[in-house]
Amino acid sequence: QVQLVESGGGLVQAGDSLRLSCAAAGRTFSTYAMGWFRQAPGKERDFVASISAGGAATTYAESVKGRFTISRDNDQNTLYLQMNSLKPEDTAVYYCAFGRKPWTLSRLYDYNYWGQGTQVTVSS
């Protein structure tokens, strides 16, 4: 069993930055990939970014590439998402997820544990 707790969401203006955190407990954090997904009202949950178990490899959705950076601290069992140049279309609930494999993963079913989500709202 894995427990994931996100934090860092909030209300910001377009162009601002936010840093999300996800604290993990319960399994060997450094053994598995981690990811961030987001879900806007009335829409499906979409992939945002993924990072490999050791942190050397990352993948991003095209919509956030160049603006968002995923990272992890395996000593602190914490996942991060640095979000810069935020846009109104980034507004969503952001979820961190614990992967089934050590390499980067971009599909929902590649992840078997999820946090409760943190709201990010970007005003224009």
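Throughout, residues of each chain are indexed from 1 in the direction in which the sequence is written. Confidence filtering applies because this is a predicted model: local features only for residues at pLDDT of at least 70, side-chain atom pairs given and counted only at 80 or more, and all residues used for totals across whole chains, interfaces and linings. Excluding hydrogens and water, the side-chain figures rest on all heavy atoms present in the structure.

J.: Account for the packing of aromatic side chains, naming residues and giving values.
T.: For this analysis, a ring pair means two rings from Phe, Tyr or Trp (six-membered ring only for Trp) whose centres lie within 6.5 Å, classed as stacked if their planes differ by under 30 degrees, edge-to-face if by over 60, and tilted for the remaining angles. Within this structure, the stated rule accounts for 6 aromatic pairs. Their ring planes at 80° and their centres at 5.2 Å tell us that Phe37 and Tyr111 sit as a pair that is edge-to-face. Of the two residues, Phe37 is situated in strand 4 (residues 34-39) and Tyr111 in strand 10 (residues 111-114); the sequence distance between them amounts to 74 residues. The same class applies to Phe37 as to Tyr111, namely buried. Each ring, one from Phe98 and one from Tyr113, has its centre 6.1 Å from the other, and the planes form 75°; the classification is edge-to-face. Pair noted here: Phe98 is in strand 9 (residues 92-99) and Tyr113 is in strand 10, with a separation of 15 residues, a long-range link. Each of the two residues, Phe98 as well as Tyr113, counts as buried. If you follow Arg19 out to its NZ or CZ, it ends over the ring of Tyr80, 3.9 Å from the centre. Throughout this description, the term charge over a ring refers to an Arg CZ or Lys NZ atom that lies within 6 Å of the ring centre and within 35 degrees of the ring normal. The ring of Phe29 carries the charged tip of Arg72 above its face, separated from the ring centre by 4.4 Å. Helix numbers and strand numbers start at the N terminus; a helix is a DSSP run of H or I with at least 4 residues, a strand a run of E with at least 2. Note on exposure labels: buried denotes an accessible area under 20% of the residue type's maximum, exposed denotes more than 50%, and partly exposed covers the range between, all computed with a 1.4 Å probe on protein chains only.

J.: Hey, could you go over the nonpolar core for me, with residue numbers and the actual values?
T.: By nonpolar core is meant a set of buried Ala, Val, Leu, Ile, Met, Phe, Trp, Tyr and Cys residues that side-chain atoms within 4.5 Å join together. Core analysis: the largest hydrophobic core is formed by 36 residues, its most contacted members being Leu4, Trp36, Leu79, Leu81, Met83 and Tyr94. Counting residues per element, the ones that place at least two in this core are strand 3 (18-25), strand 4, strand 5 (45-51), strand 7 (68-73), strand 8 (78-83), strand 9, strand 10 and strand 11 (118-123). Counting residues per element, this core draws most heavily on strand 9, which supplies 5 residues.

J.: Explain the sheet that holds strand 3 residue by residue, including any values.
T.: Strands qualify as paired when DSSP identifies two bridges or more between them. Read from one edge to the other, the open sheet built from 4 strands follows the order 1-3-8-7, with strand pairing classed as antiparallel. What marks the edges here is a single partner per strand, and that holds for strand 1 (3-7) and strand 7. Taken pair by pair, the neighbouring strands of this sheet meet at an average axis angle of 15°, ignoring direction. Bridge count between strand 7 and strand 8: 6 bridges; the pairing is antiparallel. In the sheet register, Arg72 faces strand 8, and the bridge partner there is Leu79. Inter-axis angles, ranging from 0 to 180 degrees, are taken between N-to-C directions of lines fitted to C-alpha atoms, where helices are fitted over the stretch in contact.

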